[in-house]
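In case you want the letters, here they are:
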Amino acid sequence: MSTIMAAAVQMDSQSNKAANLRQAEKLIREAAAKGAAYICLPEYFNFIGPEEDEERNAEVVPTGATPQLLSRLARQLGVWLHGGSILEKVEGMEKYYNTTLLFDPHGEIVSRYRKIHLFDAQIEDGYMESRTKNFGSEIVVHKTSFATVGLTICHDVRYPELYRLLALQGAEIMTVPAAFPMYTGKDHWEVLLRARAIENQVYVIAPGQIGDKHDMRCYGRSMIIDPWGNVIASASDVETMVLAEIDTSFLQEVRRKMPSLQNRRPEVYSLAIREGNDPTQSKACLFARPRDENCGV
């Protein structure tokens with residue numbers, strides 16, 4: 001399949017999970033009715049609220065109410081559904097994961113990604129996502145019927161090495177569900193997303209949160225970007241969804257004309273350097289390759 005219609009859903013989620021899920025279902029159905037076959041939700045789409053309310057809103061995968069709803073919708077509508085992110089509860093763990101789930105058109109969970117880079121930042125009054133969340137540790141790509149998708153979440157977008165590794169593992173689309181704060185979003189959101197698309201020659205789908213939350217204001221401006229770095233769909237400041245065509249033949253044309261990935265020089269540089277007492281003995285290693293027993297990564 002060369003082309004598919006994708007949708008980025010923009011929401012103003014709050015602490016009322018039932019209301020959030022109703023709104024998510026409404027926008028998912030609207031996107032499917034307009035021809036979207038790959039629908040992406042924003043970060044924490046089912047609940048954004050105070051830390052003291054997280055325990056009763058965190059869910060077990062796959063039996064929680066939210067995964068069950070997304071499974072049913074993907075199956076009923078016959079679409080690929082990227083479940084933004086939710087608080088995932090794991091038995092025996094005090095903290096939660098910020099987790100995204102990918103559902104196929106049969107309603108099956110085919111991939112799960114847990115956010116690697118948590119949002120710990122000293123902006124405005126400060127924000128420490130890691131206070132109640134665990135760090136993820138697995139890079140995740142999934143080959144769908146239309147393209148290979150790389151899964152990321154929000155703050156991940158500031159770490160280009162993650163996106164390069166996804167590209168080296170075959171990603172043609174990278175998803176960035178987010179709840180980006182207004183403070184940084186107005187200056188960084190579009191710039192970072194376009195950079196990740198250009199440098200990896202991929203489509204980027206970035207569904208975001210808008211509105212005032214309990215602890216910050218979200219920037220929104222959900223968008224879809226093509227492999228040349230063009231913004232081909234962008235949302236205004238309302239709850240909505242935006243559509244754009246994903247064309248993998250165009251992606252291959254971009255990579256053929258500007259073979260940046262092919263022309264890398266990994267024999268000269270690396271994404272990881274093993275630190276040692278003698279810097280002249282450091283060994284360069286690439287995460288995307290099989291583990292080297294002589295490499296400490």
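Residues numbered from 1 in each chain as written. Predicted model: local features only at pLDDT ≥ 70, side-chain atom pairs only at ≥ 80, totals over all residues. Heavy atoms only, no water.

Draft legend 1. Quick look at the overall build of the protein chain. Scanning the protein chain for helices and strands turns up six helices and 20 strands. In terms of C-alpha radius of gyration, the protein chain reaches 19 Å, essentially the compact-globule figure of 19 Å for 297 residues. A principal-axis box enclosing the C-alpha atoms of the protein chain has dimensions of 60 × 45 × 35 Å. When the 297 residues of the protein chain are sorted by exposure, 54% land in the buried category. Within the protein chain, counting contacts between residues at least 6 apart in sequence, those at least 24 apart form 66% of the total. Approximately 13,600 Å² of the protein chain is accessible, and the part contributed by carbon and sulfur atoms is 48%. Here the protein chain contributes 33 positive and 39 negative side-chain charges, whose respective centroids are spaced 4 Å apart. (Helix = DSSP H or I, 4+ residues; strand = E, 2+ residues; numbered from the N terminus. Rg over C-alpha atoms; globule rule 2.2 N^0.38 Å. Buried < 20%, exposed > 50% of the residue type's maximum accessible area, 1.4 Å probe, protein only. Contact = heavy atoms within 4.5 Å. Areas by Shrake-Rupley, 256 points an atom, 1.4 Å probe, with all protein chains shown as cover. Lys, Arg positive; Asp, Glu negative; His and termini not counted. Charge placed at Lys NZ, Arg CZ, Asp CG, Glu CD.)

Draft legend 2. View of the packing of helix α1 (residues 17–33) against helix α3 (residues 65–77). Interaxial distance between α1 and α3 falls to 11 Å at its minimum, and their mutual angle equals 15°. By the angle between their directions, the pair α1 and α3 is classed as roughly parallel. As for how α1 packs across α3, the hand of that crossing is right-handed. Packed against α1, whose contacting residues are K17, L21, E25, I28, R29 and A32, the element α3 presents T66, L69, L70, R72, L73, Q76 and L77 at the interface. A per-class count over the contact of α1 with α3 returns seven nonpolar, two polar and four charged. (Axes fitted to C-alpha atoms, helices over the stretch in contact; angles between N-to-C directions. Parallel < 35°, antiparallel > 145°, perpendicular 65-115°, else oblique. Left-handed = near helix turned anticlockwise from the far one by under 90°. Nonpolar A, V, L, I, M, F, W, Y, C, P; charged D, E, K, R; others polar.)

Draft legend 3. Quick look at the packing of aromatic side chains. Under the definition given, this model contains four aromatic pairs. Pairing W80 with F146 gives two aromatic rings, centres 5.9 Å apart and planes at 80°, and the pair type is edge-to-face. Here F146 lies in the loop between β10 (141–143) and β11 (148–151) and W80 lies in strand β3 (residues 80–82), a separation of 66 residues in the sequence. Of the two residues, W80 and F146, neither departs from the other in class, the shared state being buried. (Phe/Tyr/Trp six-rings, centres within 6.5 Å; stacked < 30°, edge-to-face > 60°.)

Draft legend 4. Geometry of helix α4 (residues 160–168). Here α4 has its buried residues at L162, Y163, R164, L165, L166 and A167. Contact partners of the buried residues in α4: β6 (109–114), β10, β11, β12 (173–175) and α5 (182–200). Just downstream of α4 lies G170, where phi reads positive at about 105°.

Draft legend 5. View of the side chain of H82. For H82, the position within the fold is in strand β3. Engagement of the side chain of H82 in a polar contact is seen with the side chain of T100, the distance being 2.6 Å. Setting aside its immediate chain neighbours within four residues, H82 contacts Y38, I39, C40, L41, T100, L101, L102, L151, T175 and P177. (Polar contact = N/O pair within 3.5 Å; in protein donor to acceptor, adjacent residues only side chain to side chain.)

Draft legend 6. Layout of the pattern of salt bridges. Going through the model one piece at a time under the given rule, you end up with 20 salt bridges. The partner of E129 in a salt bridge is K115, and the shortest N-O contact between them spans 2.9 Å. Residue E129 is found in the loop between β8 (127–128) and β9 (133–134), and its partner K115 is found in the loop between β6 and β7 (120–121); the two are separated by 14 residues along the sequence. We classify K115 as buried; its relative accessible area is 1%. In this structure, R221 and D237 form a salt bridge, with 3.0 Å as the shortest nitrogen-oxygen distance. (Salt bridge = Lys/Arg side-chain N within 4 Å of Asp/Glu carboxyl O.)

Draft legend 7. Just the pairing of β11, in detail. Burial of the side chains of β11 extends over both faces: T148 and G150 are buried on one face and V149 and L151 on the other. Sheet topology places β10 next to β11; three bridges connect them, and they run antiparallel. When the bridges of β11 are listed, K143 appears paired with T148. A loop of four residues connects β10 with β11, the two strands running antiparallel in sequence. Pairing analysis gives three bridges linking β11 to β12, with the strands arranged parallel. Residue pairing for β12: V149 is matched across the bridge by I173. Once you follow β11 into α4 and on to β12, the crossover reads as right-handed. (Pairing = 2+ DSSP bridges. Right-handed = clockwise from strand over helix to strand, strands pointing away.)

Draft legend 8. Representation of the sheet that holds β10. A sheet is described by the order of its strands in space; here six strands give the open sequence β10-β11-β12-β13-β16-β17, paired in mixed fashion. Whereas interior strands pair on both sides, the edge strands pair on one side only; in this sheet they are β10 and β17 (231–234). Neighbouring strand axes in the sheet, compared pairwise and without regard to direction, differ in orientation by 15° on average. Sheet strands touched by α4: β10, β11 and β12. Its angle to β12, the strand with the most contacts, is close to 140°. Along the sheet, α5 contacts β12, β13 (203–206), β16 (223–225) and β17; its crossing angle with β16, the most-contacted strand, is approximately 25°.

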